[in-house]
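Given next are the chains, with one letter for each unit.
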Protein chains: 2
Amino acid sequence: MRVAIIGFGAVGQGVAAVLADPVHGFTLTGVADSRSAIMNGDGLNPEEILAKKKETGLCGIEGKSAADILASGVFDILVEASPTNANGGEPATSLIRSTLRSGRHVVTSNKGPIASAYHELKAIADEQKVGLGYEATVAGAVPVINGIRHGLAGNTIRSLYGILNGTCNYILTRMRDEGLTYQQALQEARDLGYAEADPTYDVKGIDAAIKLVILANTLLGMNVTLSDVDISGIDLVTVEALNLAEDEGSTVRLIGEIIPERKIIRVSPRVLALDHPLVVDGTLNAIQVCTDMAGHVTFIGRGAGAQPTASAILADLISIRDYYGGRS
Amino acid sequence: MRVAIIGFGAVGQGVAAVLADPVHGFTLTGVADSRSAIMNGDGLNPEEILAKKKETGLCGIEGKSAADILASGVFDILVEASPTNANGGEPATSLIRSTLRSGRHVVTSNKGPIASAYHELKAIADEQKVGLGYEATVAGAVPVINGIRHGLAGNTIRSLYGILNGTCNYILTRMRDEGLTYQQALQEARDLGYAEADPTYDVKGIDAAIKLVILANTLLGMNVTLSDVDISGIDLVTVEALNLAEDEGSTVRLIGEIIPERKIIRVSPRVLALDHPLVVDGTLNAIQVCTDMAGHVTFIGRGAGAQPTASAILADLISIRDYYGGRS
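Not measured: the values here are computed from a predicted model. (Residues numbered from 1 in each chain as written. Chains lettered and ligands numbered in written order. Predicted model: local features only at pLDDT ≥ 70, side-chain atom pairs only at ≥ 80, totals over all residues. Heavy atoms only, no water.)

Novice: Which parts of the structure should I look at to understand the relation of the copies chain A and chain B?
Specialist: The second copy of the chain is related to the first by a rotation about an axis and a shift along the axis. When chain A is fitted onto chain B, the two copies agree to an RMSD of 0.0 Å after a turn of 180 degrees and an axial shift of 0.0 Å. The operation mapping one copy onto its partner corresponds to a two-fold rotation axis. (Least-squares fit on C-alpha atoms with pLDDT ≥ 70 in both.)

Novice: I tried to follow the domain arrangement of chain A on my own but got confused; where do I start?
Specialist: Interface size is commonly expressed as the accessible area that is lost once the parts come together. Residues and elements named next belong to chain A. Here chain A is described as being made up of domain 1 (2–140 + 307–324) and domain 2 (146–303). A straight line from the C-alpha centre of domain 1 to that of domain 2 covers 28 Å. Taken together, the contacts link 16 residues of domain 1 with 19 residues of domain 2. Taking both sides of the interface into account, the surface hidden between domain 1 and domain 2 amounts to around 1,400 Å²; carbon and sulfur atoms contribute 62%. Of all residues in domain 1, K111, V138 and A139 bury the most surface against domain 2, accounting for 33% of the area lost on that side. The tally of links between domain 1 and domain 2 comes to 1 salt bridge. One salt bridge in this structure joins D207 and K111, with 3.5 Å as the shortest N-O distance. Our count for the domain 1 to domain 2 interface comes out at 4 residue pairs in polar contact (both at pLDDT 80 or more). Contributions of two or more residues to the side of domain 1 that touches domain 2 are made by α5 (111–128) and α12 (306–324). (Domains from an automatic or database assignment. Contact = heavy atoms within 4.5 Å. Buried area = accessible area lost by both parts, 1.4 Å probe. Salt bridge = Lys/Arg side-chain N within 4 Å of Asp/Glu carboxyl O. Polar contact = N/O pair within 3.5 Å; in protein donor to acceptor, adjacent residues only side chain to side chain. Helix = DSSP H or I, 4+ residues; strand = E, 2+ residues; numbered from the N terminus.)

Novice: It is not clear to me how the packing of aromatic side chains should be interpreted in this structure. Could you clarify?
Specialist: For the structure on display, the rule yields 8 aromatic pairs over all chains. Taken together, a centroid distance of 4.9 Å and an interplanar angle of 70 degrees make the contact between Y170 of chain A and Y194 of chain A edge-to-face. Of this pair, Y170 of chain A sits in helix α7 (residues 166–178) while Y194 of chain A sits in the loop between α8 (182–191) and α9 (200–203), placing them 24 residues apart in sequence. Here Y323 of chain B and Y324 of chain B contribute two aromatic rings whose centre-to-centre distance is 4.9 Å and whose plane-to-plane angle is 75 degrees, an arrangement assigned as edge-to-face. Residue classification places Y323 of chain B among the buried residues on the basis of a relative accessible area of 16%. Ring pairing ties together the aromatic residues Y323 and Y324 of chain A together with Y323 and Y324 of chain B, which thus form one cluster. (Phe/Tyr/Trp six-rings, centres within 6.5 Å; stacked < 30°, edge-to-face > 60°. Buried < 20%, exposed > 50% of the residue type's maximum accessible area, 1.4 Å probe, protein only.)

Novice: How should helix α1 (residues 10–19) of chain A be read in this particular structure?
Specialist: Helical geometry note: an α-helix holds 3.6 residues per turn, so side chains three or four residues apart project in the same direction. Residue and element names in this part refer to chain A. For α1, the buried fraction is high: 7 of the 10 residues fall into the buried class. All of the buried residues in α1 are V11, G12, G14, V15, A16, V18 and L19. Structurally, α1 contributes buried residues whose contacts are with β1 (2–6), β2 (27–32), α2 (46–56), β5 (77–80) and α12.

Novice: How should I be thinking about the environment of A139 of chain A in this particular structure?
Specialist: All names here are of chain A. Note that A139 resides in the loop between β7 (132–133) and α6 (144–151). The spatial distance from the C-alpha of A139 to the C-alpha of S72 is 33 Å, given a sequence separation of 67 residues. Setting aside its immediate chain neighbours within four residues, A139 contacts V144, N285, I287, R302 and G303.

Novice: What am I meant to see in the UniProt feature "active site" (unreviewed entry) in chain A here?
Specialist: Residues and elements named next belong to chain A. In the numbering adopted here, UniProt assigns the feature "active site" (unreviewed entry) to K211. In this fold, K211 is placed in helix α10 (residues 206–219). The exposure class assigned to K211 is buried, which follows from its relative accessible area of 8%. With near-sequence residues (within four places) excluded, K211 lies in contact with K111, T137, V138, L164 and N165. Of note is the side chain of K211, whose polar atom sits 2.7 Å from the side chain of D207. (UniProt positions renumbered as here; feature names shortened; annotations may be inferred.)

Following this line, the structure appears as structure tokens:
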């Protein structure tokens, strides 16, 4: 199957690097970054494009864009890997909508469109009998979407708890382990590239809340938006609070929580026993669901980074190929 | 789709109870236990059969058997839920083989056939274009097969570590937490129904080794048998050894391990740091894979019990229906 990649930052480049390996059996036919694009229905050379991007900052021809790739139609699956725009997911949502309407599959790592328009996009995908993959939008490489949807099919999810933001988890881990203040741990996270220059989005709990909206709408049959989430961040967590928890064999972590029956959907710092499965270290992510039949099931792994995210995108690409591209 | 259940102990009865809920959309058309069977192409009443089993010890008509259900052909998916026979998986393997050859799907919770004949059975299933589900054979409700196969598709597994036997994990947890001796903890596990009267199969590491063979052959592309596994059990673990580990912030757990590149496949008691993701309590199971792209991913949950096993079987039933029963 032919794949076009829109958004050519770390994730898009990671996907291109993966597609360069012929073992996966996909052909790269289009790439667009914010300022350029290139397409060829017979296939592009991923390594050449990666080299060009590295050298010139552009993946293709200046002035060409994602719209030209869409218009060309030289692809079967669109990988939408542009960065999440906190303000509602545009222009990615429109791009995904028109791609699905044209009868083509979409795989995305972009939280915006899935958090803001999942039910609409899924309805279009179903109508057109095409796939919509979004494993990469939550918890990076951790196969939480596929794991729950396929592995726990038929179960009713009674509650979901998650460590959904690696930056916050890193800061809280370092505050506990090294006795750093919030500001010191944040600075360290910045120095290591785990936190943005403006960390508001992470430390205020907004990123975790967006992922919670995605999980609620896609796996728990809910229909909520970001404004439905009760959000507190970690910026007011003190070393004293951590020490107090520690004295009781516990620690503080930023937990996203959904309990559909009680209409609870919130992100907040919570005290957890040190041996609780969700107490994971550093930038790891963890999700625990409690279901009617399977009981508690926990998934732990890398929540961010180009390779883990590319892994999730590749899994979606393979799912779509296996399901739609002929049964084996 | 019409489902027949072969083997009507705790797991088979758990599946029948699940199928009684019309929300799942399956029709029960055959049930066999070791001494009786019943079938009806128009559908059986799961609740009536469960009541009869409870009352009389038989699910159907004495003298009828699984062979009669197979011969009748009144089912689309066979759920093979008879207990694992340590001596090579018969008669279940033959039953599964002929069902697949007749062009019908099979879902099984029986480790024997998958550990001893996976590659042969999968080849028949592929040839007949039918499904072969075995999520329930490893780690009960934990969606490790589906989670890895679908969620980490395209990844290469470099190593796999797992807590694959809940009985052993329970005994080691109690020895550590309460300072019980091995014999005391084993007796407690027996009293609670976590260990068999003859616990050899569990405590000698054989059950974990069989699950390791399944994981190796189905997910890691290997072709091994039980005799390839280097096995040590937990029966020689002492309180002193646990105390020694404890002094260093560690504990002892029975770990199954596969490192394909180094041709390592073994089950043995190992010292793990207390905050290692595989250190789970009580009868829980945990599996950690390390892959080229996703890094370390860990799955934790209930490894045994009628409901968790029924959950895994239901997930396989739904997968088969969604994939083979018409695309949505």
